[in-house]
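# Coordinate analysis (summary)
Here's the letter readout for the chains.
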Amino acid sequence: MADRIQKIVTGLPDLTKVTDVWAVADGRVAQGDPAFCADLGIALADAYGSGQMWQYRSVFDHLLRLLATTPGSENAAQALRLVFSKAVTSRKLDRFTASLLASGQEAEDLAAAFTGPASEELRACLVHELVLRSVAVEETPGVAGWATSPHWRHHPLGRLPLTLSDVEGLPDLPRYSPRGSSHSMPFGPSERRAPVKAAGAPVPSAQETTTEAAATAMACAVANWAEESNGRIEARLFDLAAPLDAESVPNALLTLGLDCLSGAGRKPALSVSVLPPDRAWAVLFAAASSGGAYNSGSYGAYGRLAAWQSLAALAGCPEGAATSEVEARVRDCVWHGFDAGTKWFEQVAWDIGLTALSPDRRRLAVLAATDTD
């Protein structure tokens, strides 16, 4: 086996395609030899992991996906051995691996992640990737002991609940295979929506109260679009002189001087629709977990965290509020989705417009994001 691995490692830079190497790996796993794939991945990482050679990146990604998404505890264990070799360990890889494992393995087959060599980052991510898939982690052998231990509550993910809330519903998660992944996006150009156009009702005057901290918090879920892709974000907060009727939100948007709606109102028309809170959460979660045009997002666990952070800030919750408090506040707000065919929105596939009207109807939070390839 060592000779076969060495031959692949040595010849990899000269390959114009790597599908034959994929086929060898597929065959080994099918024959019940996942250790070969882990050994091959580790050898490749030792030889090429510090560079950007496309052949290495393609084969390593295939090996990891193959091991993580092929059901069986030994396949899962070998995937973990691969990602914790010294040449490849990273926080980003931990997050990706957790998402792969949770999607491809039965929870009971993931005990090795909590009993053997694994980082706290991967374990924390794996717990919440399982929660997102409706796994009762507090009752799952091999997972429950770590998931319910107080020692990891200092972790950024440690404040998230270990069960899904009603606002989260059943999240739409990516479908992985050794060849890639796919997912749906609950956002996009206006022609994909059933909009309600603005009417002519009067609106109270508004004073902008946006701070840098508030804008950053509201934009948590879409920050990766700007940081890792070509995205633009507008996050703003307004206090209203009098209570605003929910039906008048479309008109209010046209009076706020929003960059994303510059020129909107007649041609192009503003499109606005009422959203239930779970739809707003779904939009934020998809943006955070799946990313924009040129990046892969934060995956499920950190996508969940970012979605709650944005939702809390949009709803006007104090920093550090418990998820249960945020959920109650979110339900008392009125949520709308909006967009327009302005030059600001790219109108490709990654367009978001959300507003949250506070329970007293005197605070309006606005978040818009757009990205393109």
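Conventions adopted
- Residues numbered from 1 in each chain as written.
- Predicted model: local features only at pLDDT ≥ 70, side-chain atom pairs only at ≥ 80, totals over all residues.
- Heavy atoms only, no water.
- Helix = DSSP H or I, 4+ residues; strand = E, 2+ residues; numbered from the N terminus.
- Rg over C-alpha atoms; globule rule 2.2 N^0.38 Å.
- Buried < 20%, exposed > 50% of the residue type's maximum accessible area, 1.4 Å probe, protein only.
- Contact = heavy atoms within 4.5 Å.
- Core = buried A, V, L, I, M, F, W, Y, C linked by side-chain atoms within 4.5 Å.
- Pairing = 2+ DSSP bridges.
- Axes fitted to C-alpha atoms, helices over the stretch in contact; angles between N-to-C directions.
- Parallel < 35°, antiparallel > 145°, perpendicular 65-115°, else oblique.
- Left-handed = near helix turned anticlockwise from the far one by under 90°.
- Expected span 1.5 Å × (residues − 1).

Another aspect to go through is the overall build of the protein. Secondary structure summary: the protein contains 15 helices and nine strands in total. Against the globule reference of 21 Å for 373 residues, the protein gives a C-alpha radius of gyration of 23 Å, in line with a compact fold. Seen along its three principal axes, the alpha-carbon backbone of the protein occupies a region of about 80 × 45 × 30 Å. Considering the protein as a whole, with its 373 residues, one finds that 53% of them fall into the buried category.

All right, on to the environment of Val24 then. Looking at where Val24 falls in the secondary structure, it is placed in helix α2 (residues 19-30). Put simply, Val24 and Cys37 are 13 residues apart on the chain and 9.0 Å apart in space, counted from C-alpha to C-alpha. Residue contacts for Val24: discarding those within four places in its chain leaves Arg4 and Phe36.

Moving on to the nonpolar core. In terms of nonpolar packing, the biggest core is built from 103 residues, with Leu126 and Trp335 touching the most fellow members. If one sorts the elements of this core by residue count, helix α14 (residues 299-315) sits on top with 12 residues. In this view, Leu126 contacts Ala98, Leu101, Ala102, Leu110, Ala113 and Phe114; residues no more than four positions away in its chain are not counted. By size, the runner-up hydrophobic cluster in this structure holds 22 residues, among which are Val272, Phe338, Ala340 and Trp344.

This part covers the pairing of strand β9 (residues 363-371). The element β9 is extensively covered by neighbouring structure, given that nine of its nine residues are classed as buried. Pairing of strand β5 (residues 232-240) with β9 involves eight bridges; the strand directions are antiparallel. Each residue of the ladder has a partner; that of Leu237, found in β9, is Ala365. Taking the residues that link successive antiparallel strands as the turn, the strand β8 (residues 350-357)-β9 hairpin has five residues, and the phi of Arg361 there is positive, at about 65°.

Now for the packing of helix α3 (residues 34-48) against helix α4 (residues 54-69). Contact geometry for α3 and α4: axes closest at 10 Å, N-to-C directions at 150°. Taken together, the axis directions place α3 and α4 in an arrangement best described as roughly antiparallel. The handedness of the crossing between α3 and α4 is left-handed. Counted together, Pro34, Cys37, Ala38, Leu40, Gly41, Leu44, Ala45 and Tyr48 of α3 and Tyr56, Val59, Phe60, Leu63, Leu66 and Leu67 of α4 form the full contact between these two elements.

The subject of this paragraph is helix α5 (residues 73-83). Looking at α5, one finds that the buried residues are Asn75, Ala76, Gln78, Ala79, Leu80, Leu82 and Val83. For α5, the secondary structure elements touched by its buried residues are α2, α3, α4, α6 (91-104), α7 (112-115) and α8 (120-132).

Turning our eyes to something else, we now look at helix α13 (residues 277-290). Owing to its 3.6 residues per turn, the α-helix brings residues three or four apart onto one side. The terminal C-alpha atoms of α13 lie 20 Å apart, and with 14 residues this matches the ideal 20 Å at 1.5 Å per residue to within 8%. With 11 of its 14 residues buried, α13 lies for the most part within the structure. One or two positions beyond α13, positive phi appears at Gly291, with a value near 85°.

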